Amino acid sequence: MKTGTVVGRLWASKRLPELPAGALIEVQLDCPKDVIVCFDPLGCGEGERVLITIGAPAAWWFAPALQRVVVDALIIGSLDEKSTPTLPK
């Protein structure tokens, strides 16, 4: 899993039938600072921090509904906050 920040939304008027209906968003990853396109079933907004799964686990989310899925990056959570643990003195 990776974390990142939503930086934009994409619209595709033409798409493969294997791509499920839903939002496509651009996410800037925390490390490295790459931007990737993710399928977003949660309705996340710009500036929101998100948790992403990439690769086969992203496609498994759609099974068994679809035989062939072309999604390889999926938003699986919206992060509320980032905390840093405090160490005892």
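1. Thoughts on the environment of Glu46
- Its place among the elements puts Glu46 in the loop between strand E3 (35–40) and strand E4 (49–54).
- Look at Glu46 and you get exposed, because its relative accessible area is 65%.
- The sequence separation of Glu46 and Ile25 amounts to 21 residues, and the corresponding C-alpha distance is 8.8 Å.
- Once you skip the residues sitting within four places of it in the chain, Glu46 turns out to touch Val6, Val7 and Gly8.

2. Looking at the nonpolar core
- The biggest cluster of nonpolar side chains holds eleven residues, and these are Val6, Ile25, Val27, Leu29, Ile36, Cys38, Cys44, Val50, Ile52, Ala73 and Ile75.
- Going through the elements one at a time, strand E2 (23–29), E3, E4 and strand E5 (73–78) are the ones with two or more residues in this core.
- Sort the elements by how many residues they give to this core and E2 lands first, with three residues.
- Apart from the residues within four sequence positions on either side, Ile52 is in contact with Met1, Lys2, Val27, Leu29, Ile36, Cys38, Ala73, Leu74, Ile75 and Ile76.

Rules used throughout
Residues numbered from 1 in each chain as written. Predicted model: local features only at pLDDT ≥ 70, side-chain atom pairs only at ≥ 80, totals over all residues. Heavy atoms only, no water. Helix = DSSP H or I, 4+ residues; strand = E, 2+ residues; numbered from the N terminus. Buried < 20%, exposed > 50% of the residue type's maximum accessible area, 1.4 Å probe, protein only. Contact = heavy atoms within 4.5 Å. Core = buried A, V, L, I, M, F, W, Y, C linked by side-chain atoms within 4.5 Å.

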